[in-house]
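Close look at the chain arrangement
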Protein chains: 2
Amino acid sequence: MAGTNSTKPHAATVSEGGGPAIILVDPQLGENIGTSARAMLNCGLTDLRLVRPREEWPNPKAAAAASGAGVVLERARVYHTTAEAVADLRHVFAATGRGRDMNKRIVTPRRCGEDLRRFGNAGDTCGVLFGPERSGLVNDDLALADTVVTASLNPAFRSLNLAQAVLLVCYEWFQAGRAEPEERLVKGGAKPATKREILHFFEHLERELDASGFLRISGKRPIMVRNLRNMFQRAGLMDHEVRTLRGVITSLVGGRERGRKAGD
Amino acid sequence: MAGTNSTKPHAATVSEGGGPAIILVDPQLGENIGTSARAMLNCGLTDLRLVRPREEWPNPKAAAAASGAGVVLERARVYHTTAEAVADLRHVFAATGRGRDMNKRIVTPRRCGEDLRRFGNAGDTCGVLFGPERSGLVNDDLALADTVVTASLNPAFRSLNLAQAVLLVCYEWFQAGRAEPEERLVKGGAKPATKREILHFFEHLERELDASGFLRISGKRPIMVRNLRNMFQRAGLMDHEVRTLRGVITSLVGGRERGRKAGD
């Protein structure tokens, strides 16, 4: 996940139709704007809006921290008020870690991601508000939102870095539209071994273990054979791996036989 | 989510029993170690292991970036090899963005989080390997892992910041053990209005709209009343909110009546 710079920055795609806007209210540090932009583009989002950034804009520290997501910064729009920044949106979420004394729906980032997908698929513009690093969103900004999004985190240390909070929401939005399964197996072009190949391997191993004396206690032989077979069965062997293992047996036996000859 | 510094750093809890170790292999920047430590503690994890950090250790930039998660840095252990760092672990995941030509199980961070929870609940020690910022894990490190974890991200811009990658895995681990629902409603101590209160409000509104002439076209009255009632019904009004709305009606009517008198 980290450290893969194989793709060129200029290959970055624009936001898919329907992706939410990310709105940073009173962001204090240019660097956090840059890392937020990178997190957005990691998830295919490009609509960044800034309300009263404290530092100059455009900002060189933001550009350095964006690490290839400069396209998001170049397109970012700056607003004087949160109300202006959300004016064209139909559904607004507010990210905050604090439970507020407000009658407001509160969702996890996961539910937020699902909601944003559904709204986007219906053609409705959406956005998510994030407050300044130290203090978070004020209640007047929360009142502009339909829904609060709060991540379930360590109750003794809830304070997320701004870009980390942005990442969680963008990540959950991306996951809600993901087609790939939770799990797969990369085989590197190889095929799982046929059961015949595996059976021949078992027979090869057991023949040599009979010869070496490993399976000499006849009463225990069936259970030992079964244990060995189960062990290798679990490995989900590929055809070339079975060939490797047979080579290993042959090699080990050769060593023993050489040793036996040497010891004669 | 961001910007909540209400909890004191010293209130940080230690890793729950069974939480995974986070192993940074060849991390280049102290700052990324610090932000990774913060992400870990956000999710209640404290077992940080460093293999050959490039910069001096302990590292002042790491301490500054940890923002209150210094406890994780203080406990961090430094190793010369990845093999030493994982020696006591029973299940090892390797985080990488690149599909490799290896016969290896690949999971999403979500499945990884579920697996880590399950292993931890069974008392098995676990860990997740993260490679250096620029290049990621080398194949020899991958060979020490049972499973690869790769986040589904924008294929044109997959490169996650190191601490962001750490956050996604830690976050999914935390979520896999979360008891809270995806959605709730904060009511600030208020109770949803009774249907009697709401009905009285409807009747109040409709009486005044009859008086003002808004509902004067008798053929359309039933559908307009139904639309208005549905609109307010959807708002899920609290008892005090119904009282506020009744005050609004009274106030508006008073204004009109005052206006009418003034216009006499």
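1. A look at the overall build of chain A
Along its length, chain A carries 10 helices and 8 strands. Residues counted as buried form 51% of the 264 residues belonging to chain A. Summing over all exposed atoms, chain A offers an accessible surface of approximately 12,600 Å²; the carbon and sulfur share of this is 53%.

2. Notes on helix H1 (residues 30–42) of chain B
Residue and element names in this part refer to chain B. With 13 residues, H1 should reach 18 Å at 1.5 Å per residue; the first-to-last C-alpha distance of 19 Å fits that figure. For H1, the buried fraction is high: 11 of the 13 residues fall into the buried class. Here H1 has its buried residues at Gly 30, Asn 32, Ile 33, Gly 34, Ser 36, Ala 37, Arg 38, Ala 39, Met 40, Leu 41 and Asn 42. Taken from the residues just after H1, Gly 44 is the one with a positive phi, measuring 80 degrees.

3. Regarding the packing of aromatic side chains
Tallied over the full model, the rule gives 7 aromatic pairs over all chains. Here Phe 201 of chain A and Phe 202 of chain A contribute two aromatic rings whose centre-to-centre distance is 5.7 Å and whose plane-to-plane angle is 45 degrees, an arrangement assigned as tilted. The class of Phe 202 of chain A is buried, set by a relative accessible area of 3%. Between Phe 201 of chain B and Phe 232 of chain B, the aromatic rings sit 5.0 Å apart at their centres with planes inclined by 85 degrees, giving edge-to-face as the arrangement. Within this pair, whereas Phe 201 of chain B is found in helix H8 (residues 195–212), its partner Phe 232 of chain B is found in helix H9 (residues 221–234), the two being separated by 31 residues in sequence. For Phe 201 of chain B, a relative accessible area of 1% puts it in the buried group. One aromatic cluster is present, built from ring pairs that chain together Phe 201, Phe 202 and Phe 232 of chain A. Lying over the aromatic face of Trp 173 of chain B, Arg 117 of chain B brings its terminal NZ or CZ to 3.8 Å of the ring centre. Positioned over the ring face of Phe 119 of chain B is Arg 118 of chain B, at 5.4 Å from the centre of the ring.

4. Quick notes on the relation of the copies chain B and chain A
Superposition record for chain B on chain A: RMSD 0.1 Å, screw rotation 180 degrees, translation along axis 0.1 Å. Those values place the two copies in the arrangement expected of a two-fold rotation axis. Minimal C-alpha distance to the rotation axis in chain B is attained by Gln 164 of chain B, lying at 3.2 Å.

5. Section: the pattern of salt bridges
Under the defined criterion, the tally for this structure stands at 30 salt bridges over all chains. As a salt-bridge pair, Glu 183 of chain A and Arg 111 of chain B come within 2.6 Å of each other at their nearest N and O atoms. Here the residue Glu 183 of chain A occupies a position in strand E8 (residues 183–186), and Arg 111 of chain B occupies one in helix H5 (residues 109–121), the pair thus bridging two chains. Salt-bridge contacts for Arg 178 of chain B lead to Glu 182 of chain B; the nearest nitrogen and oxygen are separated by 3.0 Å.

6. Examining the environment of Val 148 of chain A
Residue and element names in this part refer to chain A. Secondary-structure assignment places Val 148 in strand E7 (residues 147–149). Val 148 sits in the buried class, given a relative accessible area of 5%. Placed 25 residues apart in sequence, Val 148 and Gly 123 show a C-alpha to C-alpha distance of 21 Å. In contact with Val 148, other than residues within four places in its own chain, are Ala 94, Thr 96, Lys 104, Arg 105, Ile 106, Val 107 and Leu 142.

7. A closer look at helix H7 (residues 162–176) of chain B
The first and last C-alpha atoms of H7 of chain B sit 22 Å apart over 15 residues, in line with the 21 Å expected at 1.5 Å per residue. Backbone nitrogen of Ala 163 of chain B and a side-chain oxygen of the N-cap are separated by 2.9 Å at the start of H7 of chain B; the cap is Asn 161 of chain B.

8. Quick word on the packing of helix H5 (residues 109–121) of chain A against helix H7 (residues 162–176) of chain A
If you want to describe how two helices pack, look at the angle between their axes and the distance between the axes. Residues and elements named next belong to chain A. Their axes nearest at 8 Å, the elements H5 and H7 cross at an angle of 55 degrees. In this view, H5 runs oblique relative to H7, as classed from their interaxial angle. In this structure, H5 meets H7 at a crossing whose hand is right-handed. Residues Pro 109, Arg 110, Cys 112, Gly 113, Glu 114, Leu 116 and Arg 117 of H5 lie in contact with H7, whose contacting residues are Leu 168, Val 169, Glu 172, Trp 173, Phe 174 and Ala 176. Grouping the amino acids of the contact of H5 with H7 by side-chain chemistry returns 8 nonpolar, 1 polar and 4 charged.

9. Comments concerning the pairing of strand E6 (residues 126–130) of chain B
Residues and elements named next belong to chain B. Most of E6 is tucked away: 5 of the 5 residues are buried. Here E6 shows a buried face lined by Cys 126, Val 128 and Phe 130 and a second buried face lined by Gly 127 and Leu 129. Examined bridge by bridge, strand E1 (residues 21–25) and E6 share 4 bridges and lie parallel to one another. Bridge pairing in E6 links Ala 21 to Gly 127. As judged from the 5 bridges shared by strand E4 (residues 91–95) and E6, these two strands associate in the parallel manner. Its bridge partner lying in E6, His 91 is registered against Cys 126.

10. Digging into the interface of chain B and chain A
Each side of the interface is counted separately: chain B has 81 residues, and chain A has 81 residues. Of the roughly 6,900 Å² buried between chain B and chain A on both sides combined, carbon and sulfur atoms contribute 50%. Between chain B and chain A we count 6 salt bridges in total. In this structure, Glu 183 of chain A and Arg 105 of chain B form a salt bridge, with 2.5 Å as the shortest nitrogen-oxygen distance. At the boundary of chain B with chain A, the tally comes to 28 residue pairs in polar contact (both at pLDDT 80 or more). For the side of chain B that touches chain A, the secondary-structure elements that each account for two or more residues are H1, strand E5 (104–107), H5, H7 and strand E8 (183–186) of chain B. In terms of residue count, the dominant contributor to the side of chain B that touches chain A is H7 of chain B (11 residues). Taken together, the residues of the side of chain B that touches chain A sort by class into 34 nonpolar, 26 polar and 21 charged.

11. Thoughts on the nonpolar core
Leu 48 and Phe 130 of chain A together with Leu 48 and Phe 130 of chain B are the most contacted members of the largest nonpolar core, which has 82 residues in total. Among residues more than four places away in sequence, those in contact with Leu 48 of chain B are Ile 22, Leu 24, Ile 33, Ala 37, Met 40, Val 72, Leu 73, Arg 75, Ala 76 and Arg 77 of chain B. Of all hydrophobic cores here, the second largest spans 17 residues; its members include Ile 23, Ala 94, Leu 129 and Val 148 of chain A.

Rules and cut-offs
Residues numbered from 1 in each chain as written. Chains lettered and ligands numbered in written order. Predicted model: local features only at pLDDT ≥ 70, side-chain atom pairs only at ≥ 80, totals over all residues. Heavy atoms only, no water. Helix = DSSP H or I, 4+ residues; strand = E, 2+ residues; numbered from the N terminus. Buried < 20%, exposed > 50% of the residue type's maximum accessible area, 1.4 Å probe, protein only. Areas by Shrake-Rupley, 256 points an atom, 1.4 Å probe, with all protein chains shown as cover. Expected span 1.5 Å × (residues − 1). Phe/Tyr/Trp six-rings, centres within 6.5 Å; stacked < 30°, edge-to-face > 60°. Lys NZ or Arg CZ within 6 Å of the ring centre and 35° of its normal. Least-squares fit on C-alpha atoms with pLDDT ≥ 70 in both. Salt bridge = Lys/Arg side-chain N within 4 Å of Asp/Glu carboxyl O. Contact = heavy atoms within 4.5 Å. Polar contact = N/O pair within 3.5 Å; in protein donor to acceptor, adjacent residues only side chain to side chain. Axes fitted to C-alpha atoms, helices over the stretch in contact; angles between N-to-C directions. Parallel < 35°, antiparallel > 145°, perpendicular 65-115°, else oblique. Left-handed = near helix turned anticlockwise from the far one by under 90°. Nonpolar A, V, L, I, M, F, W, Y, C, P; charged D, E, K, R; others polar. Pairing = 2+ DSSP bridges. Buried area = accessible area lost by both parts, 1.4 Å probe. Core = buried A, V, L, I, M, F, W, Y, C linked by side-chain atoms within 4.5 Å.

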